[in-house]
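Notes for the structure review
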Amino acid sequence: MNQVEKYKPIVKILRYIEDAPRVIASAGKSTLTFKSFESIVEDMDSEEVSNWIRELVRRGHGSPLEHSIYIFEVVCSRVASHQLVRHRIASYTQLSQRYSDNYLRSMVLKLSLKTGLNIEIPLKPKGRDDYLLYYRVLNEVLNSDLGFGELSDSVSEAFIIPPTVIKNRDIEYLKSIIYSVREYYRLLSNGYTAEDARFILPQSVKTRILVSMNARELTENFLPLRMCSRA
């Protein structure tokens, strides 16, 4: 992954129905013939599959597309995830921000290495004293002379960084994010619950979400809306 790509959201396709185009084309053809679905699938060659799919799209016959399911893994900001789940045509399973702060911990651990601190912090905090160590590391970072490149490299472990920030090399923007994470761990060290402490985190914090949609939902609803330049 190059340096620019690192700051962007990531989308991976995890699973899909094997031979999905043949399933879709056969489903469309099954509406016009008394043959069994299995026999239609077996008899179709690649060219016929392509022709049927093009014809289904041309005629706006969308229901056969629903027989193909795609499952994606999306790593994005909480802002983007809130927009995503507004599409109630899909199924979603999202990483809990209450029970997992792995992205934040990865950022703190990376910053601790860059600053060369002699503070040994646990990979997984287990109590107030550990949270206080995380707070101390971030406090040192805010008072250090780390440059934009070092800070952006670390902050991108836990946050989506807008292109404008990268273009302007806005180090104060990055420090404001680090400040919020420092305060997050201060609150935890003072006994706040995770669900209360997280209120202070910026919405650009990363999350991970699994999304399942069928081909019709993707082509007729989701992509036309989200590919608009104004979306």
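Presented here is an overview of the structure given in this document. The numbers attached to residues start from 1 for each chain and follow its sequence in the written order. Totals for whole chains, interfaces and linings use every residue, but because this is a predicted model, local features are given only for residues with pLDDT of at least 70 and side-chain atom pairs only at 80 or more, for both listing and counting. Calculated side-chain values reflect all of the structure's heavy atoms, with hydrogen atoms and water omitted.

Comments concerning the overall build of the protein chain
A count of helical and extended segments in the protein chain gives 11 helices and four strands. Along the first, second and third principal axes, the C-alpha set of the protein chain runs to 75 × 35 × 25 Å. Here the analysis covers contacts within the protein chain between residues at least 6 apart in sequence; of these, 72% occur between residues at least 24 apart. Residue burial considers only the protein chains on display, and all accessible areas are found by Shrake-Rupley using a 1.4 Å probe. Surface accessibility of the protein chain: about 13600 Å² in total, with carbon and sulfur atoms responsible for 51%. Across the protein chain, the mean location of the 32 positive side-chain charges is 5 Å away from that of the 28 negative side-chain charges. Working definition: helices are DSSP H or I runs of at least four residues, strands are E runs of at least two. Numbering for both runs from the N terminus. Any two residues having at least one pair of non-hydrogen atoms within 4.5 Å are treated as being in contact. When charges are counted, neither His nor the chain ends are considered; positive counts come from Lys and Arg and negative counts from Asp and Glu. Think of each charge as sitting on NZ of Lys, CZ of Arg, CG of Asp or CD of Glu.

Description of the sheet that holds strand β1 (residues 10-16)
For two strands to count as paired, DSSP must find a minimum of two bridges between them. Taken in spatial order, the four strands make up an open sheet running β1-β2-β4-β3, and their pairing is antiparallel. Bordering the open sheet on either side are β1 and β3 (91-94), each of which pairs with just one other strand. Here the average twist between neighbouring strands, direction ignored, is 20°. As judged from the six bridges shared by β1 and strand β2 (residues 69-77), these two strands associate in the antiparallel manner. By the bridge assignment for β2, Ile 10 is matched with Val 75. Axis lines are fitted through C-alpha atoms, for helices just across the contact stretch, and the angle between N-to-C directions can take any value from 0 to 180 degrees.

Looking at the environment of Pro 224
Summarising the element assignment, Pro 224 is placed in helix α11 (residues 215-226). When its relative accessible area of 48% is taken as the criterion, Pro 224 is described as partly exposed. Each C-alpha atom, one on Pro 224 and one on Ala 197, is 37 Å from the other, the two residues being 27 residues apart in sequence. Discounting chain neighbours no more than four positions away, the residues touching Pro 224 are Leu 218 and Thr 219. Burial classes follow relative accessibility: with a 1.4 Å probe on protein chains only, a residue under 20% of its type's maximum area counts as buried, one over 50% as exposed, and anything between as partly exposed.

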